[in-house]
Structure formats: structure tokens, C-alpha cells
Amino acid sequence: MLWRMAKTVLIVGLIGIGLAIIGRALIDDNDFTIQTKKIPEQLEISAMNHLMAEDLTMTTSMFLKQLSAQMQRWANQDLTDQELRTRFEEEVIEHPHFHGFAIIENDKVIEQVGHIERMDVSKLTHRHMKSNFSDPYSVEGKQYMLMGEMLDDGRTVLGEIDLSFVKSFVKGLASVADANGTFFVSGADPEVDWKTTEDIPENLEAETVPELGWQIVVHSDDQKPEQLQQPFFERQAVIKFKHPEVAQTWLMENQDLQVLEDHNPMFVVESKTESTEQLIQRLRKEYDLAIAEPNYKISKQVILFSTDPNEPRHTSPAQNNRQQNQRRTGREQVQQNVLTSKPNDEFFEPYQWNLDQIEIDEGWNLAGGQGVKIAILDTGVDPNHLDLAEKLGPGYNSFDDTSDFSDAHGHGTHVAGVAAALTNNVTGIAGVSWDSTILPVKVLNDEGEGSSFEVAKGIYWAVEQGADVINMSLGDYYSSDLLHEAIRYAYEQDVVLIAASGNDNVQDPMYPAQYEEVFTVAAVDEARNRAFFSNYGEHIDVTAPGEHIPSLFPDNNYVVMSGTSMAAPHVAGLAGLIRSLRPDLTNEEVYNVMRSTAKDLGTAGQDPYYGFGEIDIAAALQSIANQ
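Just so you know, the residues in each chain are numbered from 1, in the order the chain's sequence is written. Owing to the predicted nature of the model, reporting of local features is limited to residues with pLDDT of at least 70; listing and counting of side-chain atom pairs is limited to 80 or more, with chain, interface and lining totals taken over all residues. The side-chain numbers reported here are obtained from all heavy atoms of the structure, hydrogens and water having been left aside.

Undergrad: A description of helix 11 (residues 452-464) should follow, citing residues and the corresponding values.
TA: Because each turn of an α-helix spans 3.6 residues, side chains separated by three or four positions end up pointing in the same direction. The way it works is that DSSP assigns letters per residue, a run of H or I at least four long becomes a helix, a run of E at least two long becomes a strand, and they are numbered from the N terminus. What a helix is expected to span follows from its residue count: subtract one and scale by 1.5 Å. If you check helix 11, its first and last C-alpha atoms are 19 Å apart, about what 13 residues at 1.5 Å a residue would give, namely 18 Å. The buried fraction of helix 11 is high, at 12 of 13 residues. Just past helix 11, the residue G466 takes up positive phi, approximately 85°. Only protein chains enter the accessibility calculation, which uses a 1.4 Å probe. A residue is then buried if its area is under 20% of the maximum for its type, exposed if over 50%, and partly exposed in between.

Below, the structure is given as C-alpha cells:
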């Protein structure tokens, strides 16, 4: 009997050793490969370009409305008061769009501030409602336009407009022709050298600016720029040590690796000799490493795919003395600041259809978002924008570990404005959770591109700062262990996590939107139909407006953009209102409130295109107000 037992043990042992040897051989001989995903192109370039043309046209109309309102305000200044005149002169000189300003009476200039290159009222040959415009003209390589308004007392207000902003927001995507059909702004593409609209090739999308008769012609060829088609940074790896104290010793022993980013226990390293696959295969055998993976690229989720940054800005982030809110645990309910009438922001009534569609008026009667911090993980935020500066909390730059969160791209500023712009302040737009604090976190660079490493760092920083809600209008199609670990950490700390579903009209899930801890948002249009670009799937929780959304842009500008990037911050704003009204609710309970009160769209019940439906702010807040 003992002999039989010993024989059985010996056989089992030999089999085990054999399997171990075979397993090791298989591991050693089998190269690690990164699974690449071919996302099918489901979008017609013409449809995307048409949407871009509409956004750019609406942006131009908003730009003109903003200039008109400014001229009217200036015309009412009492310039006989020397102190007021001095301040007024400084304001005109510092204005990003006005080159000069004048008041004309009986064909004579009675007031002038700044310099006007062409003081010629006869050039105001185009009229729209109360405004008159000249054709664009060039002076020393810069484009200008005259704009005139007739006052009730018979005087004419004249402004010379610097058209640099038009070039900055069309970037390399489009060209602009004046009312005579002559192009005065062209994109960066060297093949685009049109002189007039007669030179335009067939099948390009164009829209006309109604106030001016300008034609905006979009000539975007690719859905995504070439540098975003490679899913990871070549020869780089993201690693995380099991124990931070061994990191420096390990790195000394592996001096063939260059440390690109040090955020112990997380690092980005680069090999000069190994491919990404070879590097990851090698690192995954290291006992001291908990994570070894490619440094995956992550990008913004907006239809305007231009990666051309605006001119660099050398402004310091605005300092804010707002007291830091305590963590949610044990936080008492705060007295709400509410809006009982429509806000007076200049673009609210004529342009912000999106807020009316999600029933925001009745919701604002119950909560304004006071006492809540919303972290915007994006390209940063303009620290000096008049519709944001007063409500910014501390910020962070994931690329250099500084507080410089300035935004030279514009995407993050736009997203932040949707979520929580200053409201009822006459200027600009209204934000959903208008009384909340914004934590600006720069995890995408000035081209709108970042990596899983930067986003993970941004999440940890936001949690440490007490963020109640994190908005991520970004993503890509590759799951990252490092990013998911950061997501889980934030979720366990009771943070509400909002992500955009993506803009490729595919069922393939993007990350972080796919992670179960994240609340995923798809986009709808003004008719509550699914936006044609919006990604779909079983992971979609809700939808929100995502086409033709007006919001902020750097240098006190306002633009219209489309994308699930714009849909997500509507939901982040709603989450802010819910957490403000009911701070006792957990993140999962906040998710359930938003799902259960959404307006059902599409197939009855949850479906892959609309999730549980479009968010309903009034219904969501009313459902928890008296509990």
C-alpha cells in the first residue's frame, strides 16, 4: 500500500515538473504581442465636414453678436469722466478683437480710442439687422474688418475688428471667403490655394454665415490625424512597482532604460534598442513590477480633429482663495443658491438649446451645484476666461507636475464651460452646475493628445484634491491596467466618473468609457436623435446633447463644437447638481438617479444607442429633493 502511494506521488510530481518545464519554455519562446484593433470607418467624411462647417458658421455668428454687444456697451460710456475714459482706453487696447473704436456724428469723428487703419464709413456695404460690415481687408499681413452700429440718437459706432480669431478657430480645417467670393483665410494645407469660390473642388462641404455672406469651406481629409492612428508611443513602457522603495535600485540595475516620467511607483521608461513588444515582454518577467504595458495614447473626443494649437499664451493661472471643501464623508448639506428665472447670459436664449432640452430651468430652482468640485481632465482651462476665472480651484499639469493648467488648444476650456461656466453674469453662456468649483487638470497636450499615464496621474491628483465629479471627454480603444487601477481607486473613494463614448459611430468600446466604474455618455442632436458620430454599445448609460454646443474658448471667446466630448460635461454638471443637493448619496446612487430619471429614447428601456435615455435635470433633482 505504501509503495503504491509513493508511486502515485512520484508520478504526480514528475508530471508537475514536466508541465512547469513546458510552461516556462512556452513563456520564454512565445513573444509578447500587442493586440491591434482595426476600428472600421463608419463615418462619411462629407457628413463630418458638413457638421464642422455648421459649427464654424455658428461660431462666427456668435463672434459677431459678442462684438456688437461690446460696441453697444462702449457707446454708452460717459467719456467726459477722465477716470472712466482712462479705463475705457485700456480696455479697448487690451481687447483681443478690437483694433480701434470710434463714435461718428454728422460724418465727423467725435471720439476715437486705439488706431483704425481705414476710417471709412462708406466701406460698410453689408447690413444685417442693426449691424453694418465692410469686406475684410489686409494691412501689413493682418486681416481686418469694419463693423458699424447706428445708435438711437443718430450717431454711428465704428469698430475695426482684428480677424485673427477667425483664422485661429478654423485652424487647418477650413478656408473662409468673403461675400464677394474671395478667400481671405485659408487652412495650412499647401494644396489649398484657392483665390475665389469658383476654384473650389466639387463635393466639399460649405456653409454661409448669414450676417456677412461669408462662405466657410471645410477641407478636412482624415477623421483623425496621422499621429493618433498609432495606438501607443513606440519603444515606451508604463511600469508600476509593487513596492516603491525598490524603484531606484531596480532602475540603477536597468540603466539601458531611460526614465521619461517619474511618479513613483509609476514610471514611463524608453528603450533605444527594443521594440515596444520586446520591451513589454521583457518587463513582464520582472518580479518587482506589478504593471508593465505600452504607453497608450488617449485623445479628445470632439468632431473638430485639428491638432493645431493656438498661439502659446504666457499667462499665469488665476489664483483662487476658495476654501478647500472637505471630503464627501460626513459632509453636511449646504444651503443652495438657486435660479428662479432664466439667466441673463447673452448667448443663453439665442444659442443654448441644449440646456432647454435637458429641462434645466426647473432643475435650477432646486440646486446650483454649490460646494461641489468638478475636475475636468482635458487640455487644461483658460485661467483668465471671464466665464470661469472666479470659480477655478487649484489645477494640475500631468506632463510637468506643475500648476500650469493653461489651455492653448481650447477643448478643455469648452468642456469646462458646458459643465460649470459662470451663470447669470450677463456675459457669455450658462453652465449646468453653475455654482460648482472647477478643478482644471491638464492631461492632454496642446495638440489634444495625451497618454494613459498622464490621465492616471490626473485622476489620482483630482481625488487627492477632493473632487466630487471627474469628467473625461477623452479616450481610445486600448485598455490600460494603470488607467483602470486609477479609475478603481477614484470609484472606491466615492468619486462620480463621467466619460465620453467616442465619435467613430462604432460599437467597439473606448476606454475609460468601457470600465464598469465609469458612467458613459453618448450624444444626441436637437431632435433627440442619436448623433450620427456617437459610439454605441451595451456600456452606454445615458445620452446628452452633443451637436452644435456653444461654450467657452481661450481669450474670452465662445465657439460651437460637436462631439461626445460636449455631451459628457452636461452629465458631469448634472452629477454636480445632484451631489450638491444630496451630498449623502454615494457615487453609485448618483448613477442610479441619472439612469432612472432619464427620458427614454429609442427602443423601450435600456438600449445600446441611448442607454437609459437623455438626462432630465428637473426629473433627477425632483426625485431626490424631498427624501
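Undergrad: Describe in detail the packing of aromatic side chains, supporting the description with residues and values.
TA: For Phe, Tyr and Trp, rings pair up if their centres lie within 6.5 Å, where Trp contributes its six-membered ring, and each pair is then called stacked (planes under 30 degrees apart), edge-to-face (over 60) or tilted (otherwise). By the definition in use, this model includes 22 aromatic pairs. Ring centres 5.2 Å apart and planes at 65° place the aromatic pair F347 and Y558 in the edge-to-face group. Of this pair, F347 sits in the loop between strand 15 (289-300) and helix 7 (348-351) while Y558 sits in strand 26 (residues 557-561), and the two are 211 residues apart along the sequence. Assigned by exposure class, F347 and Y558 land together as buried. Chaining the aromatic ring pairs together yields one cluster made of F63, F165, F169 and F553. Two thresholds decide whether a charge sits over a ring: the Lys NZ or Arg CZ must be within 6 Å of the ring centre and within 35 degrees of the ring normal. Taking NZ or CZ as reference, K297 lies 5.0 Å from the ring centre of F233, over its face.

Undergrad: Could you give me a rundown of the sheet that holds strand 23 (residues 519-524), with the residues and numbers involved?
TA: The strands making up a sheet associate through hydrogen bonds between their backbones, and the pairing can be parallel or antiparallel. Strand pairing requires that DSSP identify at least two bridges connecting the strands. Read from one edge of the open sheet, seven strands run 17-18-16-20-22-23-24, paired in parallel fashion. Strands with a single pairing partner mark the edges of an open sheet, and in this sheet they are strand 17 (396-397) and strand 24 (542-545). Direction of pairing for strand 17 relative to strand 18 (residues 437-442): parallel, over a ladder of two bridges. Looking at strand 18, one finds that N397 is bridged to K442. Only heavy atoms enter the contact rule, under which two residues are in contact if any of them lie within 4.5 Å. All axes here are fitted lines through C-alpha atoms, helices being fitted over the stretch that makes contact, and every angle between N-to-C directions spans 0 to 180 degrees. Across the sheet, helix 10 (residues 411-420) touches strand 16 (373-378), strand 18 and strand 20 (469-472), and the angle it forms with strand 16 is around 155°.

Undergrad: Lay out the environment of N337 in plain terms, naming residues and giving numbers.
TA: Within the fold, N337 resides in the loop between strand 15 and helix 7. Given the relative accessible area of 35%, N337 is considered partly exposed. As for N337 and D435, which are separated by 98 residues in sequence, their C-alpha atoms are 7.5 Å apart. Other than its neighbours up to four places away in sequence, N337 contacts A367, G368, Q370, W434 and D435.

Undergrad: If you had to explain the side chain of E160 to someone new, which residues and values would you point to?
TA: Its location among the elements puts E160 in strand 7 (residues 156-162). Of the polar contacts made by the side chain of E160, one reaches the backbone nitrogen of E117; its length is 2.7 Å. Each polar contact in these results corresponds to two N or O atoms within 3.5 Å; when the atoms are within protein, one needs to be able to donate a hydrogen and the other to accept it, and residues that are neighboring in sequence are counted only if both atoms are side-chain atoms. For E160, the side chain forms a polar contact with the side chain of Y137, separated by 2.4 Å. In this structure, E160 is in contact with H97, F98, H99, G100, H115, I116, E117, R118, Y137, Y144, M145 and L146, ignoring residues within four places of it in sequence.

Undergrad: So, the pattern of salt bridges: which residues are in play, and what are the values?
TA: A carboxyl oxygen of Asp or Glu within 4 Å of a side-chain nitrogen of Lys or Arg is what we treat as a salt bridge. Within the structure shown, the criterion is met by 20 salt bridges. The partner of K240 in a salt bridge is E485, and the shortest N-O contact between them spans 2.1 Å. In this pair, K240 sits in strand 12 (residues 232-241) while E485 sits in helix 12 (residues 481-492), placing the two residues 245 residues apart along the sequence. Ionic pairing is found between R282 and D256, a salt bridge with its closest N-O pair at 2.8 Å. Note that R282 is positioned in helix 6 (residues 276-283) and D256 in the loop between helix 5 (247-253) and strand 13 (257-263), a separation of 26 residues in sequence.

Undergrad: An account of the confidence of the model for the protein is needed here, citing residue identities and associated values.
TA: Across the protein, the average pLDDT comes to 87, with 85% of residues at 70 or higher. Here residues 19-30 scores under 50 on pLDDT; set against residues more than four positions off or in separate chains, the count is four contacts. Per residue, pLDDT measures the predictor's confidence, with a range of 0 to 100.

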